[in-house]
Amino acid sequence: MITPKHILGTFDEALASLRNNVLMMSSLTERSLERAMKGLFNRDDDLCAHAIADDEEIDQLEIQIDKDGVAILLRFQPVASDLRRVVSAMKLSSNLERMADQATTIARRARKLNQHPPLAEVELIRPMYEQAVSMFKDSVDAFAREDVDLARAVVPRDQKLDDLNRAASRKLIERMAHDPEQLRGYLNLIFIGRCLERVGDHATNIAEDAVYAAAAEDIRHQPVVATT
Amino acid sequence: MVNLIMASPDPAVVEHVERPAELSPTTEPAPPLTFQVKNVSIWYGEKRAIDDVTLDIASNAVTAIIGPSGCGKSTFLRCLNRMHELVPKTRVEGRVLLQGEDLYSSTVDPAIVRRRVGMVFQKSNPFPTMSIGENVIIGLRLNGVRNQKFLNERLEKSLRMAALWDEVKDDLHKSGTSLSGGQQQRLCIARALAVEPEVLLMDEPCSALDPIATAKIEELIYELKAQYTIVTVTHNMQQAGRISDFTAFLYMGRLIEFGSTTKIFTNPSQKQTEDYITGRFG
């Protein structure tokens, strides 16, 4: 959608800067999550360390986005789609920061796992990661392109991630009973699964905010129609 | 919310008008209406200032009229109490119903209309030769009221309603122009209230006031709507957002969109409205 120029050029600049920071933050979060998961799958401690280090920059961007958002609200008192864009950007940054925290937790637990012999059950985590990251990418893409249909389609996909997490947890708990020697390892995998499940929750939040930004519709806390 | 998309002579302009009902009519009855404006057009000589405007104004609510300069906001406001007729070569088509009664019927006296529909202007205009007290009750005096006890009671009541009594009760004999700008504007509101109108029209009532005086007027508007129907013209979007329940956007004499203020300022239906309120107009 082409938005006509604002009568105040500084407003357009401020809004563009806010949006760019959100997109930058989402790129960094995606990279952090990818590094943490590769650190797990490839047993690479360096990647895990990078994922943990990324968090600082993401935290700073969250602070910057909040500061810029408040400044825009204060200076320009935006309304209608402008107001929704600012509010959504600030909510997005909060979700992205929490996703990055999940990536950090995954990286920390991956480093612990890497200290012990590999577990075949790590493969239970892979489909969860694929589901979570695809939800994440689509939700941010929907926000960036103001694509309401894509954003709506993200929300029901969270159910599959929840199901995958439940199934993986069940299997890992069974393995703990049969192989108590690796109890800590299985526990770490359960926690990593939970982190990915939360990444999906945040992606859902972002998708809901994307719908609000583009269509002024609040779709939170509505019954979800499951998709296959 | 009931949406009425009205046919427009110009297919490029689709007027979007929402009836002033906060809830669906299936769950909540529509609020009572003070004005029903039906297909009103107003000409100043050859120039059409208002073009086929239809809208309902809810009772005991604040309706804000917004739009760029020259769009017909003040003309529209003034047609609600026939004040625009004071401009020569003015012509009106359509109907304006006040509580169901046609204001433009040949049997209706414009002076009575203006008593029922009071008005406050952009610049406060107390009568400079009169005291504060006289300014308030002049309308009653001109209507033949002579009972001093009644006048005194109405004076206090009006000043209290205009949130000015405590500030001027010991200075009622002083000139109206001795007051500050904000106080003068509230004095004019008290003067409008003294004749007990049904409606209060306000034409940019805060545009000449500082933020504190503006806040007092805005607070007053909020309190007055319990007893009066208020229609206000404002250039200040934030003010419209703060004080009004319904907002009408006029452009080049046409009603582009009308609806609840929350809807207009978060998700307007018309692109022209969106462009105007977000500052992307023209």
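Rules used throughout
Counting restarts for each chain, with residues numbered from 1 along the sequence as it is written. Here every chain gets a letter starting at A, and every ligand a number starting at 1, in the order they are written. The model is predicted, so local features are restricted to residues of pLDDT at least 70 and side-chain atom pairs to those at 80 or more, both for listing and for counting; the totals for chains, interfaces and linings are taken over all residues. Just so you know, side-chain values use all the structure's heavy atoms and leave hydrogens and water out. Only residues whose relative accessible area exceeds 30% and that form no salt bridge enter a patch; like-charged residues are grouped when within 9 Å of one another, and nonpolar side chains (Val, Leu, Ile, Met, Phe, Trp, Tyr) when within 5 Å. The method behind every accessible area is Shrake-Rupley, applied with a 1.4 Å probe, and residues are considered shielded solely by the protein chains displayed. Any Lys or Arg side-chain nitrogen found within 4 Å of a carboxyl oxygen on Asp or Glu counts as a salt bridge. A run of H or I in DSSP counts as a helix once it spans at least four residues, and a run of E counts as a strand once it spans at least two, with each numbered from the N terminus. Remark: exposure states derive from per-residue accessible area (1.4 Å probe, protein chains only) relative to the maximum for the residue type, with buried under 20%, exposed over 50%, and partly exposed in between. We call Phe, Tyr and Trp rings a pair once their centres come within 6.5 Å, taking the six-membered ring for Trp, and we label the pair stacked below 30 degrees between planes, edge-to-face above 60, and tilted otherwise. Two residues qualify as a contact provided that any one of their heavy atoms is within 4.5 Å of a heavy atom in the partner residue. Summed over both partners, the accessible area lost on bringing two parts together, with a 1.4 Å probe, is the buried area. At least two bridges found by DSSP between two strands are what make those strands a pair.

**Some thoughts on a nonpolar patch on the surface**
Residue and element names in this part refer to chain A.
Item 1. Together, Leu183, Leu187 and Phe191 make up an exposed nonpolar region whose accessible area comes to about 210 Å².
Item 2. As for its position among the elements, leucine 183 is in helix α7 (residues 183-215).
Item 3. By relative accessible area, leucine 183 is classed as partly exposed at 34%.

**Overview of the packing of aromatic side chains**
Residues and elements named next belong to chain A.
Item 1. Per the stated rule, a full pass over the model turns up four aromatic pairs over all chains.
Item 2. Ring centres of phenylalanine 41 and tyrosine 129 lie 6.2 Å apart, and the angle between their planes is 55 degrees; on these two criteria the pair is classed as tilted. In this pair, phenylalanine 41 is assigned in helix α1 (residues 9-41) and tyrosine 129 in helix α4 (residues 126-145), connecting sequence segments 88 residues apart. Comparing phenylalanine 41 with tyrosine 129, the two get one shared label, buried.

**Thoughts on the interface of chain B and chain A**
Item 1. At the junction of the two partners, chain B supplies 13 residues and chain A supplies 17 residues.
Item 2. Interface of chain B and chain A: buried area, both sides summed, is about 1,100 Å²; carbon and sulfur atoms make up 48% of it.
Item 3. When residues of chain B are sorted by the area they lose upon contact with chain A, B:Gln238, B:Thr266 and B:Arg280 head the list and together hold 47% of the total.
Item 4. Taken together, the links from chain B to chain A amount to two salt bridges.

**With respect to the sheet that holds strand β7 (residues 101-102) of chain B**
All names here are of chain B.
Item 1. Strand order in this open sheet of four strands is β4-β3-β6-β7, and the pairing throughout is antiparallel. The open sheet has two free edges, formed respectively by β4 (47-58) and β7, since each of these has just one partner strand.
Item 2. Where strand β3 (residues 33-44) lies against strand β6 (residues 90-98), eight bridges are found, and the strand directions are antiparallel. Bridge assignment links isoleucine 42 to a residue of β6, and that residue is valine 92.

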